[in-house]
Amino acid sequence: MNTHQNKIVEFEDLGTREYQSSWDYQESLMKNIIDLKIKNRDLPEEDHIITPNHFLLVEHPHVYTLGKSGHEENMLAGIDKLKEIDATFVKVNRGGDITYHGYGQIVGYPILDLENFFTDIHKYMRNLEEVIIRTIAEFGLKGERSEGETGVWLDVGKPYARKICAMGVKASRWVTLHGFALNVNTDMRYFEYIIPCGIKDKQVTSLKRELERELSAEEMESIKTKIKKHFTDVFEAELTDKKAI
């Protein structure tokens, strides 16, 4: 356990950015943290370098991503269809199956050294879910966990259970990568071209669909603010802002 725990998290809003570019940026932040951790192994404990933490929010152009344990047959659209709907397809190194990212969706990528917080991936996932559960509660929606199915759901245990936030992460040397995708004004038609997360009998939804109205640009920003607040509370962290590069 790291006795020099750093619970300050540097926050960046990347705006709208291509998926691959965002992934590359995440990887560079992760590599920096891991390099510091490796360096610390050769130093006496009192000389250990404090490792940073990062939290990114971003909106991606249309893209389907397939996790390393996923099945390509859950991608129902071929190359021609992807071109037609202006979407791309990327294989990624997170857990989970296939998911969609696109405009009107708030995607969060915490790149945390969990040794600054707690070394428990299960707890980390439950904490991420809790952040979203608290966020959508502010809109009168009761988010829940569905046993064995990561993410945040509505009406769990009922025939019309539906997922409002997908999650998939990777961790290496206790440093996290990837994160969550909350559907706000998301064009839900894009989910028709996949079996989301490989789950055939469950639906997906969005804040727009549940509230039966488009959320304004100001509301989108307010959701980000709510996510940041609940992230701070749940992880007992302190967020500091950094301008996007």
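Here the structure is shown first, and the text comes after it.
Residues numbered from 1 in each chain as written. Predicted model: local features only at pLDDT ≥ 70, side-chain atom pairs only at ≥ 80, totals over all residues. Heavy atoms only, no water.

(A) The arrangement of the packing of aromatic side chains in detail. This structure, assessed with the given rule, holds 11 aromatic pairs. Taken together, a centroid distance of 5.5 Å and an interplanar angle of 50° make the contact between tyrosine 64 and tyrosine 100 tilted. Of this pair, tyrosine 64 sits in strand β3 (residues 63-66) while tyrosine 100 sits in strand β5 (residues 98-101); the two residues are 36 residues apart in sequence, bridging distant segments of the chain. For the pair tyrosine 64 and tyrosine 100, one class covers both residues: buried. Clustering of aromatic rings is evident, with ring pairs tying together Phe11, Phe55, Phe117, Phe118, Tyr124, Phe180, Phe231 and Phe235. If you follow arginine 17 out to its NZ or CZ, it ends over the ring of tyrosine 25, 5.7 Å from the centre. The lysine or arginine in question, lysine 123, covers the ring of phenylalanine 118, its NZ or CZ lying 4.5 Å from the ring centre. (Phe/Tyr/Trp six-rings, centres within 6.5 Å; stacked < 30°, edge-to-face > 60°. Helix = DSSP H or I, 4+ residues; strand = E, 2+ residues; numbered from the N terminus. Buried < 20%, exposed > 50% of the residue type's maximum accessible area, 1.4 Å probe, protein only. Lys NZ or Arg CZ within 6 Å of the ring centre and 35° of its normal.)

(B) View of the environment of isoleucine 121. Positionally, isoleucine 121 belongs in helix α3 (residues 121-137). Residues isoleucine 121 and alanine 181, 60 residues apart in the sequence, show an inter-C-alpha distance of 18 Å. Apart from the residues lying within four places of it in its own chain, the contact partners of isoleucine 121 are Leu114, Ala171 and Trp174. (Contact = heavy atoms within 4.5 Å.)

(C) A look at the side chain of glutamate 129. Position of glutamate 129 among the secondary structure elements: in helix α3. In contact with glutamate 129, not counting residues within four places along its chain, are Arg145, Thr150, Gly151, Val152 and Met167.

(D) Quick peek at the pairing of strand β8 (residues 149-154). Burial of β8 is extensive: 5 of the 6 residues sit out of reach of the surface. Sheet analysis places strand β7 (residues 144-146) next to β8, joined by 2 bridges and oriented antiparallel. For serine 146, the partnering residue across the bridge sits in β8 and is glutamate 149. Once β7 ends, the chain turns through 2 residues before running back antiparallel as β8, passing glycine 148 with a positive phi of about 80°. Pairing analysis gives 3 bridges linking β8 to strand β9 (residues 162-172), with the strands arranged antiparallel. (Pairing = 2+ DSSP bridges.)

(E) Structural view of the packing of α3 against helix α5 (residues 217-235). At their nearest, the axes of α3 and α5 sit 9 Å apart, and the two run at 135° to each other. By the criterion of interaxial angle, the relationship of α3 to α5 is oblique. Seen along the crossing, α3 lies across α5 with a hand that is right-handed. Across the interface between the two elements, Tyr124, Asn127, Leu128, Glu130, Val131, Arg134 and Thr135 from α3 touch Ile223, Lys226, Ile227, His230, Phe231, Asp233, Val234 and Phe235 from α5. When the residues that make up the contact of α3 with α5 are grouped by side-chain class, the tally is 8 nonpolar, 3 polar and 4 charged. (Axes fitted to C-alpha atoms, helices over the stretch in contact; angles between N-to-C directions. Parallel < 35°, antiparallel > 145°, perpendicular 65-115°, else oblique. Left-handed = near helix turned anticlockwise from the far one by under 90°. Nonpolar A, V, L, I, M, F, W, Y, C, P; charged D, E, K, R; others polar.)

(F) Expanded view of the side chain of glutamine 26. Residue placement: glutamine 26 occurs in helix α1 (residues 19-40). Note on glutamine 26: relative accessible area 0%, which makes it buried. Every residue in contact with glutamine 26, bar those within four places of it in the chain, is listed here: Leu56, Tyr109, Ile111, Leu177 and His178.

Honestly, that's just the spatial picture; any functional story needs more than this.
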